[in-house]
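Here are the chains, one letter per residue:
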Amino acid sequence: MTPERFQQIEALYHAARGRTAEERVALLADADPEVRREVESLLAQRAGGEFLDRPAIQNAPPVLGDSTLTILAVGASLGPYRIESKLGEGGMGEVYLAIDTRLGRAVAIKTTREQFSTRFEREARAISSLNHPNICTLYDVGPNYLVMELVEGETIAARLKSGPLPVKAALLYASQILAALAEAHEKGVIHRDLKPSNIMIAKSGIKVLDFGLAKSGQDETITASHIVMGTPAYMAPEQREGKQADTRSDIYSFGCVFYEMLTGARVAYQRRRIPSRKLEKIVSRCLEEDSVHRWQSAAELHRELAGISATGSRGNRYAAAVASFRTDDAYSHRTPKLADRSTVVLADFANATDDPGFDSSLRRILAVQLENSPGLSLLPDVRVSQALCLMGRPANAKLTPEVAAEICERTASAAVVEGSITSLGSKYVLSLRARNCRTGEVLDQEQATAAKKEDASKALGQMAKRFGTRCGESIPRAEKEPRLAVEATTPSLEAWKSYRAATKAFQSKAQTTEVISLLKRAIEVDPKFAIAYAYLGRGYADLGETELAAENVAKAYELRHGVSDRENYFITFTYHRQATRNLELCRQTLESWAHKYPGDFLAHSFLSGFTSTGSGHYERAVEEGQKAIELDPDFAIGYENVAFAYIHLNRVPEAEALLHKASERKIEVVQFSLLRYFIAFLRNDKAAMEREVTQRRVKLEAQGWFEHQEAMTLAYQGRLKEADRLSGRALSLARQGGLVGRAAMFQGAGAVWNALFGNRAEAQRSAALALSLFRSRDADYGPAFALALLRDSAQAHKIAADLEERYPQDTSVQFSYLPTLRALAALNQDDPAKALEMTQVSAPYDLAVPGTAYFTGTSFFGALYPVYVRGLAYSQMDRPDEAANVFQRILDHPGIVLNDPIGPMARLQRARALSASGDRAKSAAVYKDLLVLWRDADPDIPVLQQARAESAKL
């Protein structure tokens, strides 16, 4: 849009906005049709935003006072390009048809206003990183011009002058536009000015044009001054208000374009009907005012649009249209997608001549030629700058061969390309070389000579074209980078290699101890390696070593200043997850992370784990875990978290189906066996339980998990002697693996089940042993609960006081452990009213899974304990009906209780409450079920003897 046109729109908009509807119609009737369309679109937007409340001139780029253009006459030359005619003019500059005299090829040359030189450079960088059949190709770069593919056809804007597009065509074009956006967003490029006039319908399909307003991932220069960039009628609300745009801003603009293709009208308050309910929903979600509620990625939206083909005639037409287009000759010879190409890092051109003019110009020529080669993709400048920052270097540091090789290795690129020019008398010698950045092996090389300076660019261009074609065929793609790894800030390549090896080992399901050893090595090399400390903390947490976990993540948090944004998110979340264990702060951190980086699967994966389950938000765990699986269908944790959430929700068939889906993708981790064990337990399938135990018992990676689960199940059945023996085996395995914290939790669980069932001596022995083994918030809770049940209030109180002092923010401590211990203390003092008051504190977290019950490396007990003690309080207050209802609540959630002996004890307490209320029939039925469950129980268990006696009286 030209500055003059922007001024016309601004004046007419403000003149019309203060008029009545009738006056407005009369005023707009005499306006230029294009200006009127823009003003009508602005008037239709929501009121109240900054953009609509201030003069539009303040939103425009600051160039209105100077419209100097680079004017080119027909026949003029720009280097080897001869100007043939003018094609058009826009707010950014002029576009000309030209001939490349070297190749005889027609091209489009875009010049710029001098004031736009910085933005012009940005466009060059943005487009040069993109290579896609639906994006206009960049051929060459000059000091104030771009040489681009000449796209013949008409714009969607021109086509829309004839009315809306047929649904078939609109769907086809929408698919290709989204494919272009997905490619750009993957490279960190946001278009920011997507509109019908920037989308060309060519013979080969859609071409998205004009990335002149594009923004790369680290480029904040435009929005920093709150200058609104783009075309008003297609801007996202955040752009109209001068706020930062992201990929979802392009999705809003796409929604405007798609709506216009389907209806022939621009988006307004009173929208026209779209001829498909499904398409209406898709477009409406694109046009959400709040970006959080829009589609979160172009790829996700593309898949949703493609999914329409599953139902309805329009969907079938869409599928047929896409299929027919993909078999078109023009499309079948398209450039390979990035996934099919080898990414290389381009070092700075080594200029050994006395001419500084070669310093940057030759590298630009080489970059364009390599990017246009069929099998190569250059690592984008934004990724290079990010890598340099992570290496502790300036973002514009010189890319020597050594620096470029390190960037190549850190970004999992395939090779580094080096170029040089030297003088040889009056001639110039140009050399190119591709090296494996890990081994230094030369993969390809070539030399050429130029007779004089003017021939150097041409010689390099020809040589680079041949070189790029060969290298694209010969350079292998680099090994896929582990998806788990977040960015890593360290100046030490050796430390980075150890860190990367650790993340790869974790991804390949190696022993956690191996991962920890690699991370320790990384920290030895670089003692300030913040993200390595954070991962080390997570590794210890997975082993149940909560104190070591907290210690290392606290160190990471201390060192986080100077790390990248994503590292900061990861470290901050991990700190709150392991050190403070404030799940509300975890949630806030992760939601901010997911909002800022919607395509980052880690944020969604962590939201699906303890952050949600530890708060009892299992539906949220499923939702976020499904997002993580969609973003990375080969990462086990997403399946693991969602399957456990399904189990906690008593949706066992869905958990089983998800595990089957993971199995089809050849994903298998020890936690899946644990999940299958619990599914079999809930179905009372003893054969399946035994199968999982047998398969995993010999594997060191379990280190007592399955022995402990068998012990829990035996205790659940009242077979305490067998349970205690097997628990001893689990404890021994954990200690052999150096996992003392886990061993203490195993022992603490034994203390709990013995205390619940009235085995006082064994409960006291197990509690004392657990406390002597290891002290931590989760390891202390089991012994403290057991001692409180045994009415040893003094020792339990001491543990509770210590927990309160040391973990003031811990969600599990504050809303599960302490309320339960205090309520038991009150019951021991015959104050059930106070006990009931204590348990009300935990009410918002009643269904949460606390730290002792969270599945990774812990004991799987402690869930619903505050509810159980609340039931005891009601019973002691002689309110049996309420007590019976509370105990029934526990029985209604078998997927949370699992094989915790609190389950059968809740059944016993419910039977007692029903009997006290006078409902003898129901009470007898509950006793009967309990005694069937305990048919093989140890005969000398106190609670079994009591249950039999009480049942007999009924």
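Just so you know, these numbers come straight off a predicted model, no measurement behind them.

Rules used throughout
- Residues numbered from 1 in each chain as written.
- Predicted model: local features only at pLDDT ≥ 70, side-chain atom pairs only at ≥ 80, totals over all residues.
- Heavy atoms only, no water.
- Helix = DSSP H or I, 4+ residues; strand = E, 2+ residues; numbered from the N terminus.
- Contact = heavy atoms within 4.5 Å.
- Areas by Shrake-Rupley, 256 points an atom, 1.4 Å probe, with all protein chains shown as cover.
- Disulfide = S-S within 2.5 Å.
- Buried < 20%, exposed > 50% of the residue type's maximum accessible area, 1.4 Å probe, protein only.
- Phe/Tyr/Trp six-rings, centres within 6.5 Å; stacked < 30°, edge-to-face > 60°.
- Pairing = 2+ DSSP bridges.
- Axes fitted to C-alpha atoms, helices over the stretch in contact; angles between N-to-C directions.
- Salt bridge = Lys/Arg side-chain N within 4 Å of Asp/Glu carboxyl O.
- Parallel < 35°, antiparallel > 145°, perpendicular 65-115°, else oblique.
- Left-handed = near helix turned anticlockwise from the far one by under 90°.
- Nonpolar A, V, L, I, M, F, W, Y, C, P; charged D, E, K, R; others polar.
- Polar contact = N/O pair within 3.5 Å; in protein donor to acceptor, adjacent residues only side chain to side chain.
- Patch = residues over 30% accessible without salt bridge, like charges linked within 9 Å, V, L, I, M, F, W, Y side chains within 5 Å.
- Lys, Arg positive; Asp, Glu negative; His and termini not counted.
- Charge placed at Lys NZ, Arg CZ, Asp CG, Glu CD.
- Core = buried A, V, L, I, M, F, W, Y, C linked by side-chain atoms within 4.5 Å.
- Expected span 1.5 Å × (residues − 1).

Caption draft 1: Structural detail: the overall build of the chain. Helix and strand counts for the chain stand at 44 helices and 17 strands. Long-range contacts, defined here as pairs at least 24 residues apart, represent 64% of the contacts in the chain between residues at least 6 apart. When the accessible area of the chain is evaluated, it comes to approximately 38,400 Å², of which 50% is carbon and sulfur surface.

Caption draft 2: Representation of the state of the cysteines. Under the definition given, this model contains one disulfide. In this model, Cys408 is linked to Cys437 through a disulfide, with the two sulfur atoms separated by 2.2 Å. Taking the sign of the S-S torsion, about -60° here, the bridge from Cys408 to Cys437 comes out left-handed. Residue Cys408 is located in helix H16 (residues 401-410), and its partner Cys437 is located in the loop between strand S16 (427-435) and strand S17 (442-450); the two are separated by 29 residues in the primary sequence. Cys437 shares its class with Cys408; the two are buried. The cysteine Cys286 is free of any disulfide, with Cys256 supplying the nearest cysteine sulfur at 9.0 Å. On the basis of relative accessible area, Cys286 is assigned to the buried category, the value being 0%.

Caption draft 3: Inspection of the side chain of Thr580 at higher detail. Mapping Thr580 onto the fold places it in helix H22 (residues 565-580). With a relative accessible area of 10%, Thr580 lands in the buried category. Setting aside chain neighbours within four positions, we find Thr580 in contact with Tyr575, Arg777, Gln809 and Asp810.

Caption draft 4: Spatial organisation of the packing of aromatic side chains. This structure, assessed with the given rule, holds 23 aromatic pairs. Ring geometry for Phe681 against Tyr716: centres 5.1 Å apart, planes inclined by 85°, an arrangement best described as edge-to-face. With a gap of 35 residues between them, Phe681 in helix H29 (residues 670-682) and Tyr716 in helix H31 (residues 705-716) connect regions that are remote in the sequence. Of the two residues, Phe681 and Tyr716, neither departs from the other in class, the shared state being buried.

Caption draft 5: Representation of the sheet that holds strand S10 (residues 205-208) within the structure. Spatially, S7-S9-S10 is the arrangement adopted by the three strands of the open sheet, whose pairing is antiparallel. The outermost strands of the open sheet, each flanked by one partner alone, are strand S7 (153-155) and S10. Going across the sheet, the axis of each strand differs from the next one's by a mean of 30°, ignoring polarity. In this structure, S7 lies alongside strand S9 (residues 199-202), joined through three bridges in antiparallel fashion. Of the residues in S9, the one forming a bridge with Thr155 is Met200. Strands S9 and S10 of the sheet are contacted by helix H7 (residues 167-186), whose axis makes an angle of about 40° with S10.

Caption draft 6: Focus on the pattern of salt bridges. The full count for this structure, using the stated rule, is 49 salt bridges. A salt bridge links Arg466 to Glu446; its shortest N-O distance comes to 2.7 Å. Of this pair, Arg466 sits in helix H17 (residues 453-474) while Glu446 sits in strand S17, and the two are 20 residues apart along the sequence. A residue is classified by how much of its surface remains accessible, and Glu446, at 14% relative accessible area, is buried. Taking the shortest distance from any N to any O, the salt bridge between Lys627 and Glu624 comes out at 3.7 Å. Here Lys627 and its partner Glu624 are both found in helix H26 (residues 618-631), three residues apart, which amounts to about one turn of the helix.

Caption draft 7: Summary view of the packing of helix H20 (residues 530-542) against helix H21 (residues 546-558). Viewed as axis vectors pointing N to C, H20 and H21 meet at an angle of 165°, and their least axial separation amounts to 7 Å. Compared by their axis directions, H20 and H21 come out roughly antiparallel. The way H20 lies across H21 gives a crossing that is left-handed. Contact with H20, carried on its side by Ala530, Tyr533, Ala534, Leu536, Gly537, Tyr540 and Ala541, involves Leu548, Ala549, Asn552, Val553, Lys555 and Ala556 of H21 and no other residues of that element. For the contact of H20 with H21, the residue count by class is 10 nonpolar, two polar and one charged.

Caption draft 8: Quick peek at the packing of helix H42 (residues 902-917) against helix H44 (residues 942-953). Packing of H42 against H44 brings their axes to within 11 Å, and their N-to-C directions diverge by 30°. On the basis of the axis angle, H42 is roughly parallel to H44. Considering the relative orientation of H42 and H44, their crossing is left-handed. Taken together, the residues of H44 that come into contact with H42 (itself represented by Met905, Leu908 and Arg912) are Val943, Gln946, Ala947 and Glu950. Residue composition of the contact of H42 with H44, grouped by class: four nonpolar, one polar and two charged.

Caption draft 9: Spatial organisation of the side chain of Ser564. In this structure, Ser564 sits in the loop between H21 and H22. Judged by its relative accessible area of 13%, Ser564 falls in the buried class. A distance of 2.7 Å separates the side chain of Ser564 from the side chain of Glu487, its partner in a polar contact. With near-sequence residues (within four places) excluded, Ser564 lies in contact with Leu390, Glu487 and Thr489.

Caption draft 10: Summary view of a positive patch on the surface. Together, Arg273, Arg277, Lys278 and Lys281 make up a positively charged patch on the protein surface. On the secondary structure map, Arg277 appears in helix H10 (residues 277-286).

Caption draft 11: Here's a closer look at the nonpolar core. Counting residues in each nonpolar core, the largest one holds 168 residues, and the members touching the most others are Tyr499, Ile531, Trp593, Phe672, Phe785, Tyr868 and Trp934. It is helix H33 (residues 740-756) that provides the largest number of residues to this core, a total of 10 residues. With near-sequence residues (within four places) excluded, Phe785 lies in contact with Val752, Leu756, Thr820, Leu821, Leu824, Tyr865 and Val869. Core analysis: the next-biggest nonpolar cluster, separate from the first, contains 46 residues, Leu160, Ala174, Ile199 and Met261 among them.

Caption draft 12: Just H7, in detail. Spanning 20 residues, H7 covers 28 Å between terminal C-alpha atoms, matching the ideal 28 Å at 1.5 Å per step. Of all 20 residues in H7, 15 are buried, a share of seventy percent or more. Just downstream of H7, Gly188 is the residue with a positive phi angle, here 80°.

Caption draft 13: How the structure looks around H33. Across its 17 residues, H33 extends 25 Å between first and last C-alpha, which sits within 8% of the 24 Å expected from 1.5 Å per residue. In terms of residue burial, H33 counts as a mostly covered element, since 16 of its 17 residues are buried. Backbone geometry just after H33 places Gly758 at a positive phi near 90°.

Caption draft 14: Spotlight on unusual backbone geometry. Of note, the phi angle at Arg581 is positive, near 50°, even though the residue is not glycine. Within the secondary structure layout, Arg581 lies in the loop between H22 and helix H23 (583-596). Of note in this structure, Asp878 is not a glycine but carries a positive phi near 60°. Checked against the element boundaries, Asp878 lands in the loop between helix H39 (865-876) and helix H40 (880-891).

So, to be careful, I would describe these as geometric facts and stop short of saying anything about function.
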